Amino acid sequence: MGQRTFQETEVSNSKRRMDLLQKMIKVDPNEATDEEQEKGITKLRYMQFREKMSTSLSLGFRIDAIHLPDDGQGTLSRDDARKLHSKEQVEASLANFLDDHAVVHAAILARLKELRAALEDSAWFREHELVGSSLLFAFDAANPSSSAGVWMIDFAHANPVSNRLSHREEWQPGNHEDGYLIGLDRLIEMWDKSLGSKVSDVVVDSLD
């Protein structure tokens, strides 16, 4: 979640790493400059490359992986998820995860809206940057009506800050803004409108 996926300390970290270069080349063989090919890249360079290649910057969130029962169609490995770079691709992947379950759609949408309201009202949230934090979506395909949920996870880099954060302002070095609520806003909008219309179409078709 969020538009910034690196800690601010990485801005001044000039150490070049060949392992990160290899990760970059795996995604885009033409991205690295000649100098980077020879000397490696910094973690900041790699993380900003990842943001650009994924939907972190454009949407404020990205999909890291999707697991479906029996590795069914729509399952995404972490490597496959790194190739998602457009809103349309993300919508299609979330639709595969949802698998036309109207009750799951409604439950998760309600949970996302509750989460946003709670975060906007949280003093702790205003005083912490969340870098690398995720939302875990899950439901039991055998019993979707009572199992759908969304949970915040990955708090290793939930760092206290001295200033109050909006989580919606653009990041500038030193302001600690992470764009978390930008991503949550757009995720809710996508889940409500784009995915909601797909579920509605399925329900109507099933009644015809």
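Residues numbered from 1 in each chain as written. Predicted model: local features only at pLDDT ≥ 70, side-chain atom pairs only at ≥ 80, totals over all residues. Heavy atoms only, no water.

### Describing the environment of Lys26
Then comes step 1: Mapped onto the fold, Lys26 is located in helix α1 (residues 18-27).
Then comes step 2: By relative accessible area, which is 62% here, Lys26 ends up exposed. (Helix = DSSP H or I, 4+ residues; strand = E, 2+ residues; numbered from the N terminus. Buried < 20%, exposed > 50% of the residue type's maximum accessible area, 1.4 Å probe, protein only.)

### Focus: the confidence of the model for the chain
Then comes step 1: Per-residue pLDDT for the chain has a mean of 88; in total, 93% of the residues score no lower than 70.
Then comes step 2: Overall, residues 201-208 carries pLDDT values under 50, and its contacts beyond four positions in sequence, including any with other chains, amount to two contacts. (pLDDT = per-residue confidence, 0-100. Contact = heavy atoms within 4.5 Å.)

### Re α1
Then comes step 1: Within α1, burial applies to Leu20, Leu21 and Met24. Along α1, the residues classed as buried sweep out an arc of 105° about the axis, all on the same side.
Then comes step 2: Buried residues along α1 sit against α2 (34-39) and α3 (43-53). (Arc of directions from axis to C-beta.)

### A short note on the packing of α1 against α3
Then comes step 1: Orientation of α1 relative to α3, taken along the N-to-C sense of each, is 20°, at an axis distance of 10 Å. Judged by the angle between their axes, α1 and α3 are roughly parallel. Here the hand of the crossing between α1 and α3 comes out left-handed. Across the interface between the two elements, Leu20, Lys23, Met24 and Val27 from α1 touch Lys43, Arg45, Tyr46, Phe49 and Met53 from α3.
Then comes step 2: Here the contact of α1 with α3 is composed, by residue class, of six nonpolar, no polar and three charged. (Axes fitted to C-alpha atoms, helices over the stretch in contact; angles between N-to-C directions. Parallel < 35°, antiparallel > 145°, perpendicular 65-115°, else oblique. Left-handed = near helix turned anticlockwise from the far one by under 90°. Nonpolar A, V, L, I, M, F, W, Y, C, P; charged D, E, K, R; others polar.)

### A look at the side chain of Thr42
Then comes step 1: Positionally, Thr42 belongs in the loop between α2 and α3.
Then comes step 2: Relative accessible area serves as the criterion here: at 17%, Thr42 is assigned to the buried category.

### Concerning the environment of His176
Then comes step 1: In this structure, His176 sits in the loop between β4 (158-160) and α9 (180-207).
Then comes step 2: Between the C-alpha atom of His176 and that of Glu8, which follows or precedes it by 168 residues, the distance is 7.3 Å.

### A short note on the nonpolar core
Then comes step 1: Residues Leu94, Leu112, Leu135, Leu184 and Trp191 are the most contacted members of the largest nonpolar core, which totals 32 residues.
Then comes step 2: Elements with a minimum of two residues in this core: α6 (87-98), α7 (102-120) and α9.
Then comes step 3: When residues of this core are assigned to their parent elements, the largest contribution, eight residues, is made by α9.
Then comes step 4: Counting 10 residues, the second-largest nonpolar core is a separate cluster that includes Ala32, Leu44, Tyr46 and Met47. (Core = buried A, V, L, I, M, F, W, Y, C linked by side-chain atoms within 4.5 Å.)

### Notes on the environment of Gln7
Then comes step 1: With respect to the helices and strands, Gln7 occurs in the segment before α1.
Then comes step 2: Given the relative accessible area of 22%, Gln7 is considered partly exposed.
Then comes step 3: Remark: the alpha-carbon pair of Gln7 and Lys43, spanning 36 residues in sequence, is separated by 10.0 Å.
Then comes step 4: Residues in contact with Gln7, not counting those within four places in the same chain, are Val131, His157 and Asn159.

### Describing the pattern of salt bridges
Then comes step 1: Inspection of every chain in the model, using the stated rule, returns 15 salt bridges.
Then comes step 2: Of the charged contacts, one joins Lys26 and Asp79 as a salt bridge, the two residues approaching to 3.4 Å between their closest N and O atoms. With a gap of 53 residues between them, Lys26 in helix α1 and Asp79 in helix α5 (residues 78-81) connect regions that are remote in the sequence.
Then comes step 3: Residue class for Asp79 comes out partly exposed when judged on its relative accessible area of 38%. (Salt bridge = Lys/Arg side-chain N within 4 Å of Asp/Glu carboxyl O.)

### Overview of α6
Then comes step 1: With 12 residues, α6 should reach 16 Å at 1.5 Å per residue; the first-to-last C-alpha distance of 16 Å fits that figure.
Then comes step 2: Positive phi shows up at Asp99, right after α6, with a value of about 55°. (Expected span 1.5 Å × (residues − 1).)

### Considerations on the packing of aromatic side chains
Then comes step 1: Counted under the stated rule, the structure contains seven aromatic pairs.
Then comes step 2: Seen from their ring centres, Phe97 and Phe139 are 5.3 Å apart, and the 75° between their planes marks the pair as edge-to-face. Here Phe97, found in helix α6, pairs with Phe139, found in the loop between β2 (134-138) and β3 (149-153); they are 42 residues apart in sequence, far enough to count as distant.
Then comes step 3: You can call Phe139 buried: its relative accessible area is 18%.
Then comes step 4: Judged by centre distance (5.7 Å) and plane angle (40°), the ring pair of Phe137 and Trp191 falls under tilted. Placement of the pair is Phe137 in strand β2 and Trp191 in helix α9, with a sequence separation of 54 residues.
Then comes step 5: Here a set of aromatic residues connected by ring pairs shows up, and it is made of Phe97, Phe137, Phe139 and Trp191. (Phe/Tyr/Trp six-rings, centres within 6.5 Å; stacked < 30°, edge-to-face > 60°.)

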